[in-house]
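Each chain, letter by letter, is given below.
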Amino acid sequence: MSTPYRVLFVCLGNICRSPLAEALLRSKDPEGRFEVDSAGTSGFHQGESPDYRTRKSAARHGLSMEGIRSRPIEPADLDRFDVILAMDRSNREALWQMAQTDAQRAKIRLMLDELQLGAELEVPDPFHGGDEGFEQVYALLDKACDALVERTRSHI
Ligand code: 4NP
């Protein structure tokens, strides 16, 4: 691995889970070891700020989401980033469909694989639920980002 380690987080709308992961990892990387971005497998919310419930949850934890806007993933992302972390299996499937080469496919993982629990765990889509779902997402992403920082510490 070389510095910066380029990480792309991916969910469906790029307004709830993946932008929160982006803001969290950036906040845990004062040394600038990572280049971080996020994208959606859909363009439903292109150009929008993160969902207000995501921003509320972030603010509760003192995390800024300033400047983050939704964008759809593009094929070049599969070359540009070192690892591409999908929030759930459906988004991973969409990334697999987009991938053209084995090198691209090898970069695609589930976000919660970072926890190394050996199961295909997903970050649940909080969009149609209540505030507690957003808090659960925050807690999962916080843990997974910590694990990502630790896993890569001796390499980059
Ligand atoms: P996200 O959540 O994939 O975590 O950003 C969603 C945002 C929007 C929709 C679904 C999930 N939507 O159907 O518009």
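The structure contained in this document is the topic of the report that follows.

So, how was this worked out
Residues numbered from 1 in each chain as written. Predicted model: local features only at pLDDT ≥ 70, side-chain atom pairs only at ≥ 80, totals over all residues. Heavy atoms only, no water. Helix = DSSP H or I, 4+ residues; strand = E, 2+ residues; numbered from the N terminus. Expected span 1.5 Å × (residues − 1). Buried < 20%, exposed > 50% of the residue type's maximum accessible area, 1.4 Å probe, protein only. Arc of directions from axis to C-beta. Contact = heavy atoms within 4.5 Å. Pairing = 2+ DSSP bridges. Axes fitted to C-alpha atoms, helices over the stretch in contact; angles between N-to-C directions. Salt bridge = Lys/Arg side-chain N within 4 Å of Asp/Glu carboxyl O.

## Structural notes on helix H6 (residues 131-152)
Then, in step 1: Across its 22 residues, H6 extends 32 Å between first and last C-alpha, which sits within 8% of the 32 Å expected from 1.5 Å per residue.
Then, in step 2: Three or more residues of H6 are buried, namely Gly133, Phe134, Val137, Tyr138, Leu141, Ala144, Cys145, Leu148, Val149 and Thr152. Angularly, the buried residues of H6 cover 145 degrees about the axis, an arc narrow enough to put them on a single face. Projecting away from the buried face of H6 at angles above 90 degrees are the exposed residues Glu132 and Lys143.
Then, in step 3: Residues of H6 that are buried in the fold lie against strand S1 (5-11), helix H1 (17-27), strand S2 (34-40), helix H2 (52-60) and strand S3 (83-86).

## Points about the sheet that holds S3
Then, in step 1: With respect to topology, 4 strands assemble into an open sheet ordered S2-S1-S3-S4, the strand pairing being parallel. The two strands at the open ends of the sheet, each matched to only one other strand, are S2 and strand S4 (108-110). Shown here is a sheet whose adjacent strand axes are inclined to one another by a mean of 25 degrees, direction ignored.
Then, in step 2: Examined bridge by bridge, S1 and S2 share 7 bridges and lie parallel to one another. Note that in S2 the partner of Arg6 across the bridge is Glu35.
Then, in step 3: Running at roughly 155 degrees to S1, H6 makes contact with S1, S2, S3 and S4 of the sheet.

## Overview of the pattern of salt bridges
Then, in step 1: All told, the structure shown has 18 salt bridges when counted by the stated rule.
Then, in step 2: Each member of the salt-bridge network shares a partner with another, and the members are Asp37, Arg71, Glu74, Asp77 and Arg80.

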